[in-house]
Number of protein chains: 2
Amino acid sequence: MDLRVREHARLVADALDLSAGDQFVIKAEPQADDLLTALYEVAGERDAHPLGVRTNRSGRAIRAYLRAAGKSGVEFETPGHALALTEAADCHAIVRSHSNVTELGDVAPETNAAYEEAHGPILEERLGDRWTLTQHPSPADAQLAEMSTEAYAEFVYRAVNKDWDAQREFQAEMVEILDPASEVRIVSGEMTDVSMSIAGNHTINDTNVHNLPGGEVFTAPLPESVEGEVLFDKPVYRRGKEVTDVRLVFEDGEVIEYEASKNEAFLGTILDTDPGARRLGELGIGMNRDVDRFTYNMLFDEKMGDTVHMAVGRAYEDNVGEGNEQNRSAQHVDMIVDMAEDSFIEVDGEIVQRDGTFVFEDGFEG
Amino acid sequence: MDLRVREHARLVADALDLSAGDQFVIKAEPQADDLLTALYEVAGERDAHPLGVRTNRSGRAIRAYLRAAGKSGVEFETPGHALALTEAADCHAIVRSHSNVTELGDVAPETNAAYEEAHGPILEERLGDRWTLTQHPSPADAQLAEMSTEAYAEFVYRAVNKDWDAQREFQAEMVEILDPASEVRIVSGEMTDVSMSIAGNHTINDTNVHNLPGGEVFTAPLPESVEGEVLFDKPVYRRGKEVTDVRLVFEDGEVIEYEASKNEAFLGTILDTDPGARRLGELGIGMNRDVDRFTYNMLFDEKMGDTVHMAVGRAYEDNVGEGNEQNRSAQHVDMIVDMAEDSFIEVDGEIVQRDGTFVFEDGFEG
């Protein structure tokens, strides 16, 4: 077995704190068979009980089920066996790995939505346990990233199999700046100049717990505080649709104007979902410099070094300080701004990153 | 998708009586992805809830787990999540399909045995539900059968995708003979002449319920009634080991002499497991003539037309008549006698099959 896969599995087990007696569920498609095998192995080493199950959000099987169910007019219910399994489980590895990233492209959106809603209680149950989401490199994922399979695998393992203690310390410096701060301003090029308050909200140091790779620090803006405009340089890729050059204009926290060079109507659908979908729920700073390119995979993209991302929609409860409002929405759509050139982040009036270099790094020029 | 796979999936669903609201578990390895996909599709058509899980008895993943657990000295327990899943399930498709039939060949037998024992309660639970065991053709299974992958697939679908109502009627004629009978004698060539009593025991017509393919009628001999000797023409293939030319001599129902041309010691280990392992638990008549060759896969081999099989070890409860003794053992090992030539089956003194032709068929010569 590729030693990188074994190392990856060990890091997943560490992220989950996989321990003796753990009822361990591994959600994976056949493409991830190498990593699944390595996870079974590490489960044997740690006396945990592994059980591999198919994912319910990708692949040919679920596509076949959803289309047939849609045609039959099935009213989706929460499946009792999957719920019982999740309730009995202690921890979960969710492994992404596609045979074809557009596999669900011909499932009706309303079928998808109804199915997802029926699975809500299972998701809630899982989120209350220990869980880690990760990626096993597949040819289809490499193709989405416009890379060879081998080069993509190297990219994935560079980003995932790293010294997470060192990464945590590096990111902690940014957490120390953001956590007590009030005002944040993001400026990039001619088109992005946006300000927001994060006063009283918590900044989280995300390294190697729920996401592998991790590598961001993130917080939540106060929902009504966002002012200004943002051009998101990197495409938004969602449910097989690419939305490019998204530009949002905020007033009193709300998106009052939007445009995109491709799939603008789809962007409109997202923003019109509910009132919360027109407000920001997250501000994140990408700090994993081994994620050095855009791969159309938010698990990596949002961790990219020298970027910030903002999400319209739901804010994470853990970010919201006591007495502050939590933005609520059925959406949470991350979008990315490149900060490598002609850019800065200002916190309470002081520049803390310029052109991708942080104030606590060599070469910083305030 | 290959239409034969869709037809196969429909037959599995029929065998399970898959119905609206069913919590449906599909146990399969990645090699069976086509059939798993077709089973998800038929689940959608029938408003059942499909959940694909990995098998716990074949494949690289379980081999990696068992070796690591063995090395760590793990004491196996019944995994709570797998048990909860099985308890919440209504029906189960177990799909065999190997990437390598010798994948568990380097797992220590005692590790395997301890693991199987810990999973006993899960097996018991599943056997109390609706379940069907079937085969998806894979290159490794074809290789075991010494066939090309394409020819093996044709063999599998001929045996599985058939008119089961017609097959059931054909087999019923043999059930009518055996069910009320007392004495059965099997003679083949110079080396096989064995008699046994089946008085009071029930003959079951196995078509398309628990096995796909089905195609045998089977009953249980009275444990102390078996007399004579048998040469099993077809190799016994078990846990990656082949035992050839097995010869057993019975007295008062017990094996008092045994030999084999290959792996005789392994045969001895089986027979020495417990006292019941030295007695017959099953007599079966293979009647699926689309199973026209030996493929080292008991799911098919025991259904082969023009054969009988006998199993040392445990008798099925359903075969045992009121007041009759059920042979008990941890073993149940089927072995096959070719009846195509120079052979006959005698029931209560009358010949009911000669050289593979039944008394109720054209061309029978008593």
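Just so it is clear, the structure is predicted and the values come from calculations on it, not from any experiment. Starting afresh in each chain, residues are numbered from 1 along the sequence in its written order. A letter from A marks each chain and a number from 1 marks each ligand, given out in the order of writing. Residue-level local features of this predicted model are given only where pLDDT is at least 70; pairs of side-chain atoms are given and counted only at 80 or more, and the full residue set underlies all totals for whole chains, interfaces and linings. The basis for every side-chain value is the complete set of non-hydrogen atoms in the structure, without hydrogens or water.

Each helix is a run of H or I in the DSSP string that is no shorter than four residues. Each strand is a run of E no shorter than two, and both are numbered from the N terminus. Along its length, chain A carries 11 helices and 20 strands. The globule rule is 2.2 Å times the number of residues to the power 0.38, and the radius of gyration it is compared with is taken over C-alpha atoms. Taken over the C-alpha trace, chain A has a radius of gyration of 20 Å; the compact-globule value for 366 residues is 21 Å, and the two agree within 12%. In terms of overall dimensions, chain A has C-alpha extents of about 50 × 45 × 45 Å along its principal axes. We call a residue buried when its accessible area falls under 20% of the maximum for its residue type, exposed when it is over 50%, and partly exposed in between, using a 1.4 Å probe and counting protein chains only. Out of the 366 residues belonging to chain A, those deemed buried represent 57%. Contacts: residue pairs with any heavy atoms within 4.5 Å of one another. The contacts in chain A between residues at least 6 apart in sequence include a share of 71% that link residues at least 24 apart. A positive count includes Lys and Arg, and a negative count includes Asp and Glu. His and the chain ends are not counted in either. Charged side chains are reduced to one point each, which is NZ for Lys, CZ for Arg, CG for Asp and CD for Glu. Computed over 32 positive and 73 negative side-chain charges, the inter-centroid distance for chain A is 7 Å.

With that out of the way, let us pick up the sheet that holds strand E9 (residues 216-219) of chain B. Residues and elements named next belong to chain B. Here, any two strands with at least 2 DSSP bridges between them count as paired. Ordered by their spatial adjacency, five strands build an open sheet running E7-E9-E15-E16-E17, and the pairing between neighbours is antiparallel. A strand with exactly one partner marks an edge of an open sheet, and here the two such strands are strand E7 (204-206) and strand E17 (332-338). The average undirected angle you get between the axes of adjacent strands in this sheet is 25°. Pairing of strand E15 (residues 280-286) with strand E16 (residues 307-313), which is carried by six bridges, proceeds in the antiparallel orientation. In the strand pairing of E16, Gly 286 is matched with Thr 307. Packing of helix H9 (residues 164-178) onto the sheet brings it into contact with E7, E9 and E15, and relative to E7 it is tilted by some 160°. Lines fitted to the C-alpha atoms define the axes, with helices restricted to the stretch that makes contact. Angles between their N-to-C directions range from 0 to 180 degrees.

Moving on, we get to the domain arrangement of chain A. All names here are of chain A. Assigned domains of chain A: these are domain 1 (3-160) and domain 2 (164-358). The largest per-residue losses of area from domain 1 upon contact with domain 2 belong to Leu 144, Phe 155 and Ala 159, which jointly make up 28% of the total buried on that side. Counted as salt bridges are all cases of a side-chain nitrogen of Lys or Arg within 4 Å of a carboxyl oxygen of Asp or Glu. At the surface where domain 1 touches domain 2, the tally comes to zero salt bridges. We call two N or O atoms a polar contact when they sit within 3.5 Å, provided that within protein one can donate a hydrogen and the other can accept it, with sequence-adjacent residues counted only if both atoms are side-chain atoms. For the pair domain 1 and domain 2, the interface holds nine residue pairs in polar contact (both at pLDDT 80 or more). Those elements giving two or more residues to the side of domain 1 that touches domain 2 turn out to be helix H1 (3-16), strand E4 (130-135) and helix H8 (149-160). Broken down by element, the side of domain 1 that touches domain 2 gets its largest block of residues, six residues, from H8. All the domain ranges listed were derived from an automatic or database domain assignment. Buried area: the accessible surface (1.4 Å probe) lost by two parts on joining, summed over both.

Working note: regular strand, side chains alternate between the two faces of the sheet. Residues and elements named next belong to chain B. In terms of burial, E15 is a largely internal element, seven of the seven residues being buried. In the sheet, E9 pairs with E15 via four bridges, with the strands oriented antiparallel. Its bridge partner lying in E15, Phe 218 is registered against Gly 284.

Below, the discussion takes up the environment of A:His210. Within the secondary structure, A:His210 is located in the loop between strand E7 (204-206) and strand E8 (211-212). A polar contact of 2.8 Å, which involves the side chain of A:His210, links it to the backbone oxygen of A:Trp131.

We now examine the interface of chain A and chain B. With 40 residues of chain A at the interface, the matching set in chain B holds 40 residues. Together, the buried faces of chain A and chain B total about 3500 Å²; carbon and sulfur atoms form 62% of this surface. When residues of chain A are sorted by the area they lose upon contact with chain B, A:Arg54, A:Arg60 and A:His81 head the list and together hold 21% of the total. Connecting chain A to chain B are six salt bridges. Taking the shortest distance from any N to any O, the salt bridge between B:Arg54 and A:Asp33 comes out at 2.6 Å. Taken together, the connections running from chain A to chain B amount to 18 residue pairs in polar contact (both at pLDDT 80 or more). Per element, the largest residue contribution to the side of chain A that touches chain B is nine residues, and it comes from helix H2 (residues 33-46) of chain A.

Looking now at unusual backbone geometry. The linkage connecting A:Leu212 with the following residue, A:Pro213, adopts the cis geometry, with an omega of 10°. Its location among the elements puts A:Pro213 in the loop between E8 and strand E9 (216-219). Within the chain, A:Asp342 stands out as a residue other than glycine whose phi angle is a positive 55°. Under the relative-accessibility criterion, A:Asp342 is labelled exposed at 54%. If you check the backbone angles, B:Tyr296 has positive phi at about 60° while not being a glycine. Looking at where B:Tyr296 falls in the secondary structure, it is placed in the loop between E15 and helix H11 (298-301).

Attention shifts here to the relation of the copies chain A and chain B. The fit set for superposing copies consists of C-alpha atoms from residues with pLDDT of at least 70 in both; the fit itself is least squares. Between chain A and chain B, the superposition needs a rotation of 180° and an axial shift of 0.0 Å, giving an RMSD of 0.1 Å. What the superposition gives is, in effect, a two-fold axis relating one chain to the other. Using C-alpha coordinates, one finds that chain A approaches the rotation axis most closely at A:Val53, a distance of 2.1 Å. Interface overlap between copies is the fraction of interface residues in one copy that are interface residues in the other; for chain A against chain B it reaches 100%, indicating a shared surface.

This paragraph deals with the side chain of A:Glu103. Residue and element names in this part refer to chain A. The residue Glu 103 is located in the loop between strand E3 (91-96) and helix H5 (109-118) in this model. One buried charged side chain, Glu 103, makes no salt bridge at all; its nearest oppositely charged neighbour is Arg 63, positioned 4.8 Å away. Beyond its immediate sequence surroundings of up to four residues, Glu 103 is in contact with Gly 59, Arg 60 and Arg 63.

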